[in-house]
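Summary of the model geometry
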Amino acid sequence: MKPSLPLVLCLSGHDPTGGAGIHADIEAIAANGGHALSIITAHTVQDTHNVLRVAAVAPLLIAQQIETLANDCEIAAIKIGLVGDAEQIPPLVQWILRLKKPVVFDPVLRAGGGSNLASAALIAAVTEHLLPHVTLLTPNAAEARRLAPGLASLEQCAQYLLSLGCQNILITGGDESDPSVINTWHAREQAPKVFAWPRLPETFHGAGCTLAAACAAFLAHGSAIGVAIEQAQRYTQDSLDRAFRIGQGRRIPGRHT
Ligand code: PLP
């Protein structure tokens, strides 16, 4: 039986502020007409300023949760955010191969507040084993440079990441200093497509998770990749326009439409 809303299997960290992580996924996917199946990859200790601690969930527990859901529900897309540690990668890849659905991966390597969220071992496992199965990768500029170290330009980083097998990359520029936010979509055998968005005042907590989850929702509806990328950016920009304050650090996106 087909579910009445397209289901997105989300594997993300839990952010107790509700700004980023699995909260962002559930809200952004619901606002875009989907339903999130939510699996927590890591618990975090954080506030609206920064992440203080990441505690990974056991890979076996994650694998059991995916298997139980996959046996019951028809999954239309997969969204991966913060990966708790390198040991979580093999079960994730195994299920991606079994489910054969579009995969959006937001490589959460560094918190907006500056904390490092990924070890060298995790980055190596992601690069070697996960990226070849990714439909859409959504790094910010700093994350793209970290996944493709030593390359001079973001264009070169994108070409390198495409050469690893990932099909599409949307490099976001919220963390850069251009007057507009410049996001660039790269795919093989296609000229890069540039999107420019007004840079809103202040910075936000959870913008990247919102964008990636919205992309997954549109892909779960069956949208073409270019449509998903465009619509998800529009939704994210609107959410940032509605951002609200819950603490003393960055504001969080207003994802409810
Ligand atoms: N915590 C979790 C669980 C996340 O998934 C993310 C980002 O995706 C962050 C914290 C950091 O979010 P930001 O960089 O927007 O502050």
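In what follows, the structure referred to is the one given above.
Structural notes, computed from the coordinates. Remember, predicted model here, so these are calculated numbers, not experimental data. (Residues numbered from 1 in each chain as written. Predicted model: local features only at pLDDT ≥ 70, side-chain atom pairs only at ≥ 80, totals over all residues. Heavy atoms only, no water.)

Considerations on the sheet that holds strand β7 (residues 168-171)
- An order of β3-β2-β1-β4-β5-β6-β7-β8-β9 is seen for the nine strands of this open sheet, with the pairing classed as mixed. A strand with exactly one partner marks an edge of an open sheet, and here the two such strands are β3 (51-56) and β9 (190-198).
- Judged from the five bridges that link them, strand β2 (residues 35-46) and β3 form a sheet pairing that is antiparallel. The residue bridging V45 from the neighbouring strand is R53, located in β3.
- Across the sheet, helix α7 (residues 207-220) lies against β1 (7-14), β4 (75-80), β5 (103-105), β6 (136-137) and β7, angled at about 165° from β4, the strand it touches most. (Pairing = 2+ DSSP bridges. Helix = DSSP H or I, 4+ residues; strand = E, 2+ residues; numbered from the N terminus. Contact = heavy atoms within 4.5 Å. Axes fitted to C-alpha atoms, helices over the stretch in contact; angles between N-to-C directions.)

A look at the environment of N50
- In this structure, N50 sits in the loop between β2 and β3.
- The exposure class assigned to N50 is buried, which follows from its relative accessible area of 18%.
- As for N50 and A111, which are separated by 61 residues in sequence, their C-alpha atoms are 6.5 Å apart.
- For N50, the contacting residues outside a window of four places in its chain are A111, G113, G114, S115 and R250. (Buried < 20%, exposed > 50% of the residue type's maximum accessible area, 1.4 Å probe, protein only.)

Quick look at the nonpolar core
- Membership of the largest hydrophobic core comes to 41 residues, with the highest contact counts inside it found for L9, L11, I78, I80, F105 and L137.
- For this core, the element with the most residues is helix α3 (residues 89-99), which contributes six residues.
- Leave out the neighbours within four places in its chain, and L137 touches F105, P107, L131, L147, L161, C166, N168, I169 and L170.
- The next biggest cluster of nonpolar side chains, apart from the first, holds 29 residues, and it includes L136, A214, A220 and A228. (Core = buried A, V, L, I, M, F, W, Y, C linked by side-chain atoms within 4.5 Å.)

With respect to the site of the ligand
- Around the ligand, the structure places 13 residues, and the nearest of them are Q46, H205, G206, C209 and R250.
- One of the side-chain N or O atoms of Q46 is found 2.8 Å from a nitrogen atom in the ligand.
- H205 is positioned such that a nitrogen or oxygen atom in its side chain is 2.7 Å from an oxygen atom of the ligand.
- When the ligand sits alone it has 400 Å² of accessible area, and the protein chains cover 91% of it.
- Within the shell around the ligand, the residues separate by chemical class into six nonpolar, six polar and one charged. (Near = heavy atom within 4 Å. Polar contact = N/O pair within 3.5 Å; in protein donor to acceptor, adjacent residues only side chain to side chain. Areas by Shrake-Rupley, 256 points an atom, 1.4 Å probe, with all protein chains shown as cover. Nonpolar A, V, L, I, M, F, W, Y, C, P; charged D, E, K, R; others polar.)

Considerations on the pairing of β1
- With seven of its eight residues buried, β1 lies for the most part within the structure.
- Where β1 meets β2, eight bridges bridge the pair, whose relative direction is parallel. Note on β2: the bridge partner recorded for S12 is I40.
- Since β1 and β2 lie parallel, the crossover through helix α1 (residues 21-31) that links them has a hand, and here it is right-handed. (Right-handed = clockwise from strand over helix to strand, strands pointing away.)

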